[in-house]
Amino acid sequence: MTEQNKTKHRFSILVVDDEPANIDILLGILGPFYDVKVAPSGAIALKITQQFTPDLILLDIMMPGMDGFEVCRQLKSDKLLSRIPVIFVTALSQGENEEKGFELGAVDYITKPVSPSIALARVKTHISLAHQMQTTENLVVARTEELTRSQQSAITMLATAGHYNDTDTGHHIWRMAAYSKCLAIASGWSYNDACLLAQAAPMHDTGKIGIPDSILKAPRRLTNSEMEVMRTHAQIGHKILSQCETPLFNLAAEIALCHHEKWNGTGYPEGLAGEEIPESARIVAIADVFDALTMQRPYKKAWTDDEAFAHLTNGAGDHFDPDLVDCFLSIKEEIIETKRYWNALEAEGSMISIGSLL
């Protein structure tokens, strides 16, 4: 035997039968090709599977105490064990129970007396199928993780691009995204939807990539004509983000376009009012303004938290959705703690990515 054959992987089989003679027969048939473990009862078989996961189980039906059907039922109810293919080994007179076995999740039957060639063929087939299925599932998981990483990288790049020339924003995009997630959950969004919002929110100013440096970096308040140019970042961001038709980027495009709309209809670019404004944008507007107020800029000092909360209260019903402002104020302590967390990361100079929000 070559060294390669010595190290070749051998699949494992658990044989469950209360009759020693039956176990000996199956050991003789399968032993040369597989690693075989045995259990003389259903209860012992279940204990073994808690410590060792076989690639396939050959299971007798008629056993004292716990029969094969009950063993199969318990195996299939365990998430970690349910994928193990189970083949029932039964006498010809028990053929009427085949339907019950398949309903419980068995993949096949082998009748007694056992034919070596049939047993080997069916064991090989079902181990191969199970192995192929597991390999495919592992590949899908790996590809999904790769796509997730690629998507998160795209989010980080687009969010960073929007603020590339806006050098004083620091961790603004990540803090406001964290606030948006907190507010979304508090206002009734599901956790998964709130996480989607947290991923979309950092891209709200992607359109600033199309705004001249002279405006973005102006160390003063902008003139009216400059503000007109600045306001076009909403449509620019929407146009960029709309290039990708996925739920995440559709949401990001919606937020980019509408996060400067105001509850009373005086915002831009569409002049939407009230619930005409998507709730996603209404949430992000509150989070964005709160963070912008509480950070230092070239043209202003940082406001205190209380001053920022008061500004939101004063703007409720005019600039902001009043119900969402009330909701934001109801989680004030959570918002302040979130701010401390992200400020600490910024002070440490930590590298931040979208994954930090999820």
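The paragraphs below set out a description of the structure included in this document. (Residues numbered from 1 in each chain as written. Predicted model: local features only at pLDDT ≥ 70, side-chain atom pairs only at ≥ 80, totals over all residues. Heavy atoms only, no water.)

A short note on helix α13 (residues 279-293)
In an α-helix, one turn spans 3.6 residues; hence positions three or four apart end up facing the same way.
And step 1. With 15 residues, α13 extends 21 Å between its outermost C-alpha atoms, agreeing within 8% with the 21 Å of an ideal straight helix rising 1.5 Å per residue.
And step 2. In terms of burial, α13 is a largely internal element, 13 of the 15 residues being buried. (Helix = DSSP H or I, 4+ residues; strand = E, 2+ residues; numbered from the N terminus. Expected span 1.5 Å × (residues − 1). Buried < 20%, exposed > 50% of the residue type's maximum accessible area, 1.4 Å probe, protein only.)

Looking at the sheet that holds strand β3 (residues 56-60)
And step 1. One open sheet accounts for five strands, arranged β2-β1-β3-β4-β5; its pairing is parallel. Two strands bound the open sheet, and with one partner strand each, they are β2 (35-39) and β5 (108-112). Pairwise comparison of adjacent strand axes, ignoring direction, gives a mean angle of 20° for this sheet.
And step 2. Bridging between strand β1 (residues 12-16) and β3 involves four bridges; their strand directions are parallel. Residue Ile13 lies in a different strand from β3, and its bridge partner there is Leu56. (Pairing = 2+ DSSP bridges. Axes fitted to C-alpha atoms, helices over the stretch in contact; angles between N-to-C directions.)

Quick word on the environment of Cys258
And step 1. Assignment of secondary structure puts Cys258 in helix α12 (residues 247-258).
And step 2. Distance from Cys258 to Ala234, taken between C-alpha atoms, is 7.2 Å for residues 24 residues apart in sequence.
And step 3. Not counting the four nearest positions on each side in its chain, Cys258 is found in contact with Leu272, Ile277, Pro278 and Ala281. (Contact = heavy atoms within 4.5 Å.)

Quick notes on the pattern of salt bridges
And step 1. Per the stated rule, a full pass over the model turns up twelve salt bridges.
And step 2. Two residues, Lys208 and Asp205, come together in a salt bridge whose shortest N-O distance is 3.4 Å.
And step 3. You can call Lys208 buried: its relative accessible area is 13%. (Salt bridge = Lys/Arg side-chain N within 4 Å of Asp/Glu carboxyl O.)

Looking at helix α7 (residues 172-186)
And step 1. End to end, α7 covers 21 Å across 15 residues, agreeing with the expected 21 Å (1.5 Å per residue, within 8%).
And step 2. Within α7, 13 of the 15 residues are buried, which leaves it mostly tucked inside the rest of the structure.
And step 3. Positioned one or two residues after α7, Gly188 has a phi angle of 110°, which is positive.

A short note on the pairing of β3
And step 1. Counting buried positions over the five residues of β3 gives five, a clear majority of the element.
And step 2. Burial of the side chains of β3 extends over both faces: Leu56, Leu58 and Asp60 are buried on one face and Ile57 and Leu59 on the other.
And step 3. When β3 meets strand β4 (residues 86-91), the two strands line up parallel, connected through four bridges. Considered in β4, the bridge of Leu59 is made with Phe88.
And step 4. The parallel pair β3 and β4, bridged by helix α4 (residues 68-76), forms a crossover whose chirality is right-handed. (Right-handed = clockwise from strand over helix to strand, strands pointing away.)

Quick look at empty space enclosed by the protein
And step 1. Taken as a whole and judged by the stated rule, the model has one cavity of 30 Å³ or more.
And step 2. Quantified by volume, the largest cavity comes out at close to 40 Å³.
And step 3. As for the largest cavity, its lining consists of Glu261, Lys262, Trp263, Ile277, Arg282, Ala285, His319, Phe320 and Asp321. (1 Å grid on protein atoms, 1.4 Å probe; cavity = no way out; pocket = protein on both sides within 12 Å on 5 of 7 lines; lining within 4 Å. Points joined across faces, edges and corners; volume = space filled by probe spheres on them.)

Section: the packing of helix α10 (residues 224-231) against helix α11 (residues 233-241)
Packed helix pairs are characterised by how far apart their axes lie and by the angle those axes make with each other.
And step 1. Axis separation between α10 and α11 bottoms out at 5 Å; the angle between their running directions is 15°. Overall, the two elements α10 and α11 adopt an arrangement that is roughly parallel. Contacts between α10 and α11 involve Val229, Met230 and Arg231 from the former and His233, Ala234 and Gln235 from the latter.
And step 2. Its residues assigned to classes, the contact of α10 with α11 shows three nonpolar, two polar and one charged. (Parallel < 35°, antiparallel > 145°, perpendicular 65-115°, else oblique. Nonpolar A, V, L, I, M, F, W, Y, C, P; charged D, E, K, R; others polar.)

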